[in-house]
Amino acid sequence: MGILNFKQDRPLDLIGLGRLCIDLNANEIHRPMEETLTFTKYVGGSPANITVAAARLGLSAGFIGKVSDDAFGRYIVQYLLQAGIDTGCVAVDREGAVTGLAFTEIKSPTDCSILMYRDNVADLKLSPADLDEGYMSKAKALLISGTALAKSPSREAVFMALEYASKHDVVTFFDIDYRPYTWTSALEAGIYAKLAAEKCDCIIGGREEFDLLELAMGHPLKQDDDWTAGHWLKHKAQLIVVKRGGDGSKAYDRSGNIFRGSTFPAEVVKTFGAGDAFAGAFIYGIMQGWEIEKAQTFGAASASIVVSSHSCSDAMPTADQIQEKIDRWTSNQLIG
Ligand SMILES: Nc1ncnc2c1ncn2[C@@H]1O[C@H](COP(=O)(O)OP(=O)(O)O)[C@@H](O)[C@H]1O
Ligand SMILES: O=C(O)C[C@@H](O)[C@H](O)C(=O)COP(=O)(O)O
């Protein structure tokens, strides 16, 4: 058995919950938005990307979310179905909400930004009434994204989902996923993220994201991964992962172990997508019962593939592609 106790008799491995959006990624890379003419459309939204990653790796996945009642909403559902993701709990908004759009500007391999259009978005209209307790009870794990906490009724839907998960022993992964434009203030984001983090088994976030939670504790910022992990491991969490961009990741367990994950070389096209690829492959590894370091390696190799690609969701690799990347790097190291 691995670090988290998954109920092995459940038909669904992982349910993602939250944002189902569209990424419109600039085709003319290395240019500012003002000079970008064309974009390619992909399914996006961090929890959607992570769930696609998990499905591509072979997990049986489902999604709980809400889409707009238009062609974008239909495109998202169709894409999820083609990726093998169950959409039985993806509701359709009937009140005129729209799909969130993320226009990405790819100025250079290190300078990328996202222009988000998120007024009246369908994903934040997900309500507790859209949830199905029976569906949750069929899953081994639930992934929630912090952005779904940004507004009611989606916020309440997240807490209801966490209640159902707890009642049915569904392991909970929390990706803090802080997107400033979705919130009125960093403190508001921190307060809700902290409440959710207290109810989750594994918390994944960047250093600045964990800082938000500490802001909500009224502490002066420590920016100290060891302190952060020590604090959260006293709550429900049994596994804390701090993502550190090009510096890799650090994972902490309750036995006092610290696991340092390195990175793989990449021909970076754009910076975004790394976190989602990492999370998808890391969760996959943990669900296989692997050692934490092996799951970190798998996550890092997946991230290096995705940052070298034009999209996030569509570029999520298979297990063979990730293994090939790891093997190639290992044999180059041995030769070098
Ligand atoms: N430029 C890069 N080249 C290769 N791997 C990367 C790069 N940036 C990030 N990664 C990998 O992706 C993981 C997550 O990236 P990070 O930037 O911390 O997440 P996020 O995209 O959520 O901010 C890192 O731990 C690392 O393994
Ligand atoms: O999450 C979104 O709404 C946009 C994503 O689809 C986007 O491509 C992205 O920002 C990926 O996030 P990351 O993996 O944390 O870099």
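Each chain has its residues counted from 1, following the order in which its sequence is written. As a convention, the first chain written is A and the first ligand written is 1, with the rest following in written order. The predicted origin of the model limits local features to residues at a pLDDT of at least 70 and limits the giving and counting of side-chain atom pairs to 80 or more, whereas totals for whole chains, interfaces and linings rest on all residues.

Named according to an unreviewed UniProt entry, the chain is 5-dehydro-2-deoxygluconokinase originating from Cohnella ginsengisoli. UniProt positions are given in the numbering used here, feature names are shortened, and annotations may be inferred rather than shown by experiment. The UniProt entry for the chain carries this comment under Function (unreviewed entry): "Catalyzes the phosphorylation of 5-dehydro-2-deoxy-D-gluconate (2-deoxy-5-keto-D-gluconate or DKG) to 6-phospho-5-dehydro-2-deoxy-D-gluconate (DKGP)." The Sequence similarities (unreviewed entry) comment attached to the chain in UniProt states, word for word, "Belongs to the carbohydrate kinase PfkB family."

Peer 1: Could you clarify how one ought to interpret the overall build of the chain in this entry?
Peer 2: Looking only at helices and strands, the chain has ten helices and 13 strands in total. For the chain, the C-alpha atoms occupy an extent of roughly 60 × 50 × 45 Å along the three principal directions. By the convention adopted here, residues are in contact when the distance between their C-beta atoms, placed from the backbone, does not exceed 7 Å. In the chain, 74% of the contacts between residues at least 6 apart in sequence involve partners at least 24 apart. Strands are runs of DSSP state E lasting at least 2 residues, helices are runs of H or I lasting at least 4, and numbering of each runs from the N terminus.

Peer 1: What exactly am I supposed to notice about the sheet that holds strand β3 (residues 39–44) here?
Peer 2: Here, a strand pair is defined by DSSP locating no fewer than two bridges between the strands. One open sheet holds the four strands; their spatial order is β3-β2-β6-β7, and the pairing between them is mixed. Every other strand in the sheet has two partners, leaving β3 and β7 (112–117) as the edge strands with one partner each. Averaged over all neighbouring strand pairs, the angle between strand axes comes to 25°, with direction disregarded. Sheet topology note: the strand β2 (residues 21–26)/strand β6 (residues 101–106) ladder contains four bridges and is parallel. Residue pairing across strands places N25 opposite T104, the latter belonging to β6. To define axes, lines are fitted to C-alpha atoms, for helices over the stretch in contact only, and angles between the resulting N-to-C directions are given on a 0 to 180 degree scale.

Peer 1: Can you help me understand helix α5 (residues 186–197) in this one?
Peer 2: Between the first and last residue of a helix there are one fewer steps than residues, each counted as 1.5 Å, and that sum is the expected span. Here α5 spans 16 Å end to end across twelve residues, near enough to the 16 Å set by a 1.5 Å rise per residue. Residues are called buried when their C-beta atom has 20 or more other C-beta atoms within 10 Å, exposed when it has 12 or fewer, and partly exposed otherwise; all C-beta atoms are positioned from the backbone. Those residues of α5 that fall on the buried side of the exposure criterion are A189, G190, Y192, A193, A196 and A197. Close packing links the buried residues of α5 with β8 (139–145), α4 (154–167), β9 (171–175), β10 (202–206), α6 (207–215) and α7 (225–232).

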